[in-house]
Amino acid sequence: MSNPTSTNVDMLIVGGGFAGLYQLYSARKLGLTARLLEAGDGIGGTWFWNRYPGARCDVESLDYSYSFSEALQQEWDWTERYATQGEILRYINHVADRFELRPDIQLHTRVSAATYDDDARRWTTVAQSGERFDSQYLILATGCLSIPQAPKFAGLDTFKGNWYHSANWPTEGVDFSGKKVGLIGTGSSGVQMTPLIAAQAEHLTVFQRTANYSVPAQNEPLDTVTLDTVKANYAHRRALGREAMTGQFLNANDKSALEVTDAERLAEFEFRWRGAGGGFRMLRAFSDLLRNPQANRFAAEFARSKIRQIVHDPAVAELLSPKDDLPFGTKRLCVDTDYYETFNRDNVALVDVKADPIVEITPNGLRTTAQTYQLDALVFATGFDAMTGALLAIDIHGVEGESLREKWSGGPRTYLGVSIAGFPNLFVIAGPGSPSVLSNMVHSIETHVDWISNLIRQTRADGITRIDAQQPAEDRWVGHVNEAADKTLYPIGNSWYVGANMPGKPRVFMPYVAGVPAYRRIIEDVAAKGYEGFSLS
Ligand code: NAP
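Residues numbered from 1 in each chain as written. Predicted model: local features only at pLDDT ≥ 70, side-chain atom pairs only at ≥ 80, totals over all residues. Heavy atoms only, no water.

A. Main features of the packing of helix α8 (residues 262-273) against helix α9 (residues 293-310). Here α8 crosses α9 at 60°, and the two axes come no closer than 11 Å. The angle between the axes of α8 and α9 places the two elements in the oblique class. Judged by the twist between their axes, the crossing of α8 over α9 is right-handed. Contacts from R265, L266, F269, E270 and W273 in α8 reach F298, A299, F302, A303, K306 and I310 in α9. Classifying every residue of the contact of α8 with α9 by side-chain character gives 8 nonpolar, no polar and 3 charged. (Axes fitted to C-alpha atoms, helices over the stretch in contact; angles between N-to-C directions. Helix = DSSP H or I, 4+ residues; strand = E, 2+ residues; numbered from the N terminus. Parallel < 35°, antiparallel > 145°, perpendicular 65-115°, else oblique. Left-handed = near helix turned anticlockwise from the far one by under 90°. Contact = heavy atoms within 4.5 Å. Nonpolar A, V, L, I, M, F, W, Y, C, P; charged D, E, K, R; others polar.)

B. Spatial organisation of the pattern of salt bridges. Taken as a whole, this structure holds 31 salt bridges when the rule is applied. Close ionic contact of R81 with E60 constitutes a salt bridge, the shortest N to O distance being 3.4 Å. Of this pair, R81 sits in the loop between α3 (70-75) and α4 (85-98) while E60 sits in the loop between α2 (46-49) and α3, and the two are 21 residues apart along the sequence. Accessibility expressed as a relative area gives 8% for R81, which makes it buried. Across the pair E60 and R237 runs a salt bridge whose closest N-O atoms are separated by 3.5 Å. In this pair, E60 sits in the loop between α2 and α3 while R237 sits in helix α7 (residues 234-242), placing the two residues 177 residues apart along the sequence. Here the residues in one salt-bridge network are E60, D63, R81, R237 and R281, joined through shared partners. (Salt bridge = Lys/Arg side-chain N within 4 Å of Asp/Glu carboxyl O. Buried < 20%, exposed > 50% of the residue type's maximum accessible area, 1.4 Å probe, protein only.)

C. The arrangement of the sheet that holds strand β16 (residues 377-380) in detail. Sheet architecture is open: 5 strands sit in the order β7-β16-β8-β9-β12, paired in parallel fashion. Each of the sheet's edge strands pairs with one partner strand only, and the pair in question is β7 (162-165) and β12 (348-352). Each strand of the sheet is rotated relative to its neighbour by a mean of 20°, with strand direction disregarded. In this structure, strand β9 (residues 203-208) lies alongside β12, joined through 5 bridges in parallel fashion. Bridging across to β12, F207 finds its partner in V351. (Pairing = 2+ DSSP bridges.)

D. Up close: the nonpolar core. Membership of the largest hydrophobic core comes to 134 residues, with the highest contact counts inside it found for F18, F176, F328, L416 and W451. Counting residues per element, this core draws most heavily on helix α14 (residues 441-461), at 8 residues. Residues within four places of F18 in sequence aside, it is in contact with W47, Y64, Y66, I88, Y91, I92, V442 and I445. Formed by 22 residues, the second largest nonpolar core is a distinct cluster that contains V14, A127, I394 and I420. (Core = buried A, V, L, I, M, F, W, Y, C linked by side-chain atoms within 4.5 Å.)

E. Structural detail: the site of the ligand. Neighbouring the ligand are 22 residues; S189, R209, T210, K331 and W496 lie closest to it. One nitrogen or oxygen atom from the main chain of S188 is found 3.0 Å from an oxygen atom belonging to the ligand. Here an oxygen atom of the ligand sits 3.0 Å away from a polar atom, N or O, in the side chain of R332. When the free accessible area of the ligand is taken as 910 Å², the share hidden by the protein chains comes to 87%. (Near = heavy atom within 4 Å. Polar contact = N/O pair within 3.5 Å; in protein donor to acceptor, adjacent residues only side chain to side chain. Areas by Shrake-Rupley, 256 points an atom, 1.4 Å probe, with all protein chains shown as cover.)

F. Examining the sheet that holds strand β14 (residues 365-368) more closely. Here 3 strands make up an open sheet; going across it, the order is β13-β14-β15 and the pairing antiparallel. The sheet terminates laterally at β13 (358-362) and β15 (372-374), the two strands that pair on one side only. Neighbour-to-neighbour, the strand axes of the sheet open up by a mean angle of 20°, direction not taken into account. Bridge count for β14 against β15 is 3 bridges, and the pairing is antiparallel. Bridge pairing in β15 links G365 to Q374.

G. Broad picture of the pairing of β14. Strand direction decides the pairing type here: β13 and β14, joined by 4 bridges, are antiparallel. Within β14, the residue paired with I361 across the bridge is L366. Hairpin connection, β13 to β14: the antiparallel pair is bridged by 2 residues. Connecting β14 to the antiparallel partner β15 that follows it, the hairpin turn spans 3 residues.

H. Here's a closer look at the domain arrangement of the protein. Partitioning the protein into domains gives domain 1 (7-147 + 386-531), domain 2 (149-213 + 343-383) and domain 3 (237-328). Centre-to-centre, using C-alpha coordinates, domain 1 lies 30 Å away from domain 3. Listed by partner, the interface residues are 30 residues for domain 1 and 25 residues for domain 3. Buried area between domain 1 and domain 3, both sides added, is near 2,100 Å², and the carbon and sulfur share of it is 46%. Broken down residue by residue, the surface that domain 1 buries against domain 3 is led by D63, L489 and R520, which jointly contribute 25%. Across the domain 1-domain 3 interface, the total number found is 5 salt bridges. Residue E243 is joined to R520 by a salt bridge in which the shortest nitrogen-to-oxygen separation is 2.9 Å. Top element by residues in the side of domain 1 that touches domain 3 is helix α16 (residues 516-528). It accounts for 5 residues. (Domains from an automatic or database assignment. Buried area = accessible area lost by both parts, 1.4 Å probe.)

I. Inspection of the packing of α14 against α16 at higher detail. Two elements in contact, α14 and α16, have axes whose closest approach is 11 Å; the angle formed by their N-to-C orientations is 5°. In terms of axis orientation, α14 runs roughly parallel to α16. Here H443, S444, T447, H448 and W451 of α14 come into contact with α16, specifically with V516, Y519, R520, I523, E524, V526 and A527. Looking at the contact of α14 with α16 residue by residue, the class counts come to 6 nonpolar, 4 polar and 2 charged.

J. Local environment of the environment of V359. By the element assignment, V359 lies in strand β13. Residues V359 and S453 lie 94 residues apart in sequence; the distance between their C-alpha atoms is 51 Å.

K. Molecular detail of unusual backbone geometry. Notably, R121 is not glycine yet its phi reads approximately 60°, a positive angle. Along the polypeptide, R121 turns up in the loop between β4 (111-117) and β5 (122-127). With a relative accessible area of 24%, R121 lands in the partly exposed category. One non-glycine residue, L416, lies in the positive phi region at around 65°.

Here's what the structure looks like:
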């Protein structure tokens, strides 16, 4: 029985980014009533919140876009190879308008709890405001990087200047002109904003704890010839993406780094570092780059040689060079424009806060064990409680009141990265245990939403009202996800992929590493076998 004081819909969707919007569009196609709840005061998810200077996607715009509508992909003109945050946000808003999604989107609504009623076979979801929603299906499209890791530095409340987090940037922007700025964090966000803040501020101090690898994006404007060529056969580009490891064509080389000569290896790395490549193409330079330690060391050393070539001061170059305990690409590779070059500017300094840790924020800046720094503004690019953070921020209870927080206390457990045993009719889009953040997210989102939609279409036709993953199937999947990760070098890196950035988080490699094509074949096979591993009743 549905609750008369709640909003009743067939499907409740939490999150208004790429995943939530496409899920809403697909729910409508299925003839379901649906409501999408979004915490922010605008849609866009990641691209709504992360407005820091230099924010842009590290997947090419022609791939990081919906493929479900030929008309949409024909009418939208991306202006750059890697789109800015602003352009992606305009695109998302265009999609919402074009497909008239807004009437079913409710902004300013942060979900705090969701409880399954096994008699009614429905979910009751509660927002922070107390508003209640009753639905047969609950879709968590909450994103993998949507709970910013709040800085917990002592003394922050005494700081006289303004401070900002990359993922909660003021809509009106920030003017750093004439200011001494301190930036903490050198992951993708910090690396992207460094050149822009340096160009504006009087002085920028970058506080680096761990050097990460960064490869130039080789960004460029997209001219009409390029756009027309892609659009003339967009299906071809999408098909190449579907069969590529990460859901985007990166011209993967199937040779081992060990089977070529030194000169050939160098030429391949150069090719991928320069204009013909850039960004994640570097990870596909050799088939064993992320599996074989020696192959990986070649890439790491190549990247370090580039840093030494670019950065004039050898001591700064050494500090910017990732060390051997971080294999190349095992922490998400950064994709930059002029990052290393920025350290040649007179108004930029690099501070090693591993050797000399931050002790506290002071009213006028920051103090490390050895030094004090006078700063007018502070920027935290300190990352996120990744992959599980947004899911566990909701107090979710499944069959017999089982708590998701308890179930996942040792790390996330899913069946196929999309379903959780004991939590029927609940689906996670691009969640832990799926290719997710290791892939072109828009591609993986479409894969999941289409798969969930087919499951719902078929089960509704069969009169099935309860869809639950079986515990043994989930256990086998978790084992398989771990086995796949253990065949690679990924688990070695102290990254947010393993939760290493969050003190106390269980160390589990969360995404599924075997690639988009292998994953799709598995989930298609599960569907073909009548949704093997699910209890349907
Ligand atoms: P991140 O990769 O987790 O980097 C956080 C940085 O903050 C790290 O350098 C970390 O150092 C540092 N840090 C955290 N706490 C610290 C502390 N207490 N003291 C000193 N340093 C501290 O976060 P992010 O840069 O926001 O990126 C997260 C992910 O978002 C990326 O990996 C990517 O997937 C996505 N993203 C993508 C783009 C893009 O598409 N181009 C842009 C931005 C973000 P340690 O390494 O030592 O922990």
